[in-house]
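Architecture and fold: a report
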Amino acid sequence: MKILFKNIKGLLQTLDNSIEYIEGKQMKKLSKLNNAFLIIQDDQIIDYGIMNDCPSIDVDKVIDVKERFIMPAWCDSHTHLVFSEPREKEFVDRILGLNYHQIAKKGGGILNSARKLQQETFENLYLKSALRLEEVMKLGTGAIEIKSGYGLELPAEIKMLEVIKKLSNNYDALIQSTFLPAHALPEEYINKKDLFISEIIDQWIPEVSERKLAKFIDVFCEKDYFDVDETRLIINAGKKHGLIPKVHVNQFNSIGGVPLCTELESLTIDHLEILNDQDINAIKKSNTMPVALPNCSFFLNIPYTPARKIMDNNIPLAIASDYNPGSSPSGNMNFVVSLACTKMGMSPEEAINAATINGAYAMNLSKEVGSITIGKKANLIVTTKISSYSMIPYSFGSNLIEEVYINGKSLLDK
Ligand code: NIG
Ligand code: FE
């Protein structure tokens, strides 16, 4: 199936295939062609350019895009969208004055999600997660990372990873799977943390890696969760088994997770709401991509990742949704882009770069998605009729997406 999109008002993020991410200072620029055409064949982008150069070739379908923009689908590099139940009661508790830590200490938080997930059947967990995935695909997400981490015991972790695998087999969105064994300490292991960590290292990681259920390894490196030494042990064990590190660090405290993860050549470090100058210097000297999660700051009322400081130091930045039941019950990347602009001082160009090509890099997918590039997947957002692409972050809460193509297929055709 060959489709020609013609008269595109603006074709955004047109990049050469050598570009894997965009560095901090360059993020101010968003490459774009006005009055453009785009040709896709089956699941791939095969040509694009300005209308004057539009070839006259045989195609199966011509779409006159008129006043609409086309851009690559969002690349959401950090989610926990496989979970059992929402946690709206904790949300109300927070409104009434408790904080995230107090809720966790009362048996809420991650432990609460784990209890529910352990009891959930595979089939129900799959169906609930599939609905969330379908929702975010309609909101323009074409590639997504999904973590385990609500199992907190090996069989439940495997159940989560098998759900991710089934989603990946059944949906066109590109899905990358992350094993997050150390998300919180289960109650049975209080005072036996060393035992929990050695089980992760000696049993869980080898089994998950052997069954090829994950590409990445993650740890919640944070005060009261897993410290730097514990994180190092788990990440190194993951690396030994071929898993690439992508780590939760500096959500509430800077405890040394950033220099540790840059030293361990983590692909990404995510959260970074609290970031000091030593952390910035460590990132600057590394190839690690920082990932900001503005939904989490918004929802928990905690500081936003200092995006300006990161980008002004010429460090690349990705943004992601962190979709999860505790700190970000939304996987809407349009809102993430909007918050990046209003709350983190990113320009629309910077935010779109962060949510497309840099997000793709943050999942090891920049050869496949994240830009309008010949040979990449035809994962596209067609906007409604809008005056400029700044309307996307400006119109927070409105849906400016008219049609989404994933793997060259329109979601409207289903
Ligand atoms: O990325 N910080 C750790 N993990 C999740 C939240 C987990 C939860 O509250 O369920 C996050 O924000
Ligand atoms: Fe997270």
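Report on the accompanying structure.

Rules and cut-offs
- Residues numbered from 1 in each chain as written.
- Chains lettered and ligands numbered in written order.
- Predicted model: local features only at pLDDT ≥ 70, side-chain atom pairs only at ≥ 80, totals over all residues.
- Heavy atoms only, no water.
- Helix = DSSP H or I, 4+ residues; strand = E, 2+ residues; numbered from the N terminus.
- Rg over C-alpha atoms; globule rule 2.2 N^0.38 Å.
- Buried < 20%, exposed > 50% of the residue type's maximum accessible area, 1.4 Å probe, protein only.
- Donors = N, O, S within 2.8 Å, 3.2 Å for Na, K, Ca; no water.
- Near = heavy atom within 4 Å.
- Polar contact = N/O pair within 3.5 Å; in protein donor to acceptor, adjacent residues only side chain to side chain.
- Areas by Shrake-Rupley, 256 points an atom, 1.4 Å probe, with all protein chains shown as cover.
- Axes fitted to C-alpha atoms, helices over the stretch in contact; angles between N-to-C directions.
- Parallel < 35°, antiparallel > 145°, perpendicular 65-115°, else oblique.
- Left-handed = near helix turned anticlockwise from the far one by under 90°.
- Contact = heavy atoms within 4.5 Å.
- Salt bridge = Lys/Arg side-chain N within 4 Å of Asp/Glu carboxyl O.
- Pairing = 2+ DSSP bridges.

**Things to note about the overall build of the protein**
Helix and strand content of the protein: 15 helices and 16 strands. Relative to the compact-globule value of 22 Å for 414 residues, the protein shows a C-alpha radius of gyration of 21 Å, a close match. Taking the principal axes of its C-alpha atoms as reference, the protein extends roughly 70 × 45 × 45 Å. Counting across all 414 residues of the protein, residues that qualify as buried make up 60%.

**Examining the coordination of the iron ion (ligand 2)**
Note on metal sites: the ideal angle is 109.5 degrees for four tetrahedral donors, and 90 or 180 degrees for six octahedral donors. Taken together, the protein ligands of the iron ion (ligand 2) are H78 (NE2), H80 (NE2), H248 (NE2) and D322 (OD), with distances of 2.1 to 2.3 Å. Along the chain, the residues donating to the iron ion (ligand 2) fall in the pattern H-x1-H-x167-H-x73-D. Separated by 170 residues along the polypeptide, H78 in the loop between β6 (74–76) and α1 (88–95) and H248 in strand β10 (residues 244–249) bring together distant segments of the chain. For the pair shown, H78 and H248 are each scored as buried.

**Some words on the site of ligand 1**
As a structural note, the neighbourhood of ligand 1 is formed by 15 residues, with Y100, Y150, H183, Q251 and S327 the closest of them. The side chain of H248 places a nitrogen or oxygen atom 3.0 Å from an oxygen atom of ligand 1. One nitrogen or oxygen atom from the side chain of Q251 is found 2.6 Å from a nitrogen atom belonging to ligand 1. Coverage of ligand 1 by the protein chains reaches 100% of its 330 Å² of free accessible surface.

**A short note on the packing of helix α12 (residues 333–344) against helix α13 (residues 348–355)**
Each pair of packed helices can be described by the angle between their axes along with the distance between the axes. Close contact between α12 and α13 brings their axes to 9 Å; oriented N to C, the two are set at 140 degrees. Accordingly, the angle class assigned to the pair α12 and α13 is oblique. Classified by chirality, the crossing of α13 by α12 is right-handed. The residues of α13 that touch α12, namely those facing M333, V337, A340 and C341, are P348, A351 and A355.

**Notes on the pattern of salt bridges**
On inspection of all chains with the given rule, the structure shows 19 salt bridges. The shortest N-O distance in the salt bridge between E120 and K128 comes to 2.6 Å. Judged by its relative accessible area of 11%, E120 falls in the buried class. Among the salt bridges present, the one from R308 reaches D312, with a minimum N-O distance of 3.2 Å. Residue R308 and its partner D312 are both found in helix α11 (residues 307–312); the two are separated by 4 residues, about one turn of the helix.

**Examining α13**
Most of α13 is tucked away: 8 of the 8 residues are buried. Every buried residue belonging to α13 is among P348, E349, E350, A351, I352, N353, A354 and A355, and all of these are buried.

**Comments concerning the pairing of strand β2 (residues 32–41)**
The pairing of strand β1 (residues 2–12) with β2 spans 8 bridges and is classified as antiparallel. Within the sheet, the bridge partner assigned to L11 lies in β2 and is L33. Between the antiparallel neighbours β2 and strand β3 (residues 44–50) lie 2 residues, among them D42 with a positive phi of about 50 degrees.

**Digging into the sheet that holds strand β12 (residues 289–292)**
The strand order across the open sheet built from 8 strands is β6-β7-β8-β9-β10-β11-β12-β13, with neighbouring strands paired in parallel fashion. The two strands at the open ends of the sheet, each matched to only one other strand, are β6 and β13 (318–319). By the bridge criterion, 3 bridges tie strand β11 (residues 268–271) to β12 in an arrangement that is parallel. Bridge assignment links D270 to a residue of β12, and that residue is V291. Set on the sheet, helix α7 (residues 228–240) makes contact with β8 (174–182), β9 (216–221) and β10; between it and β9 the angle comes to about 175 degrees.

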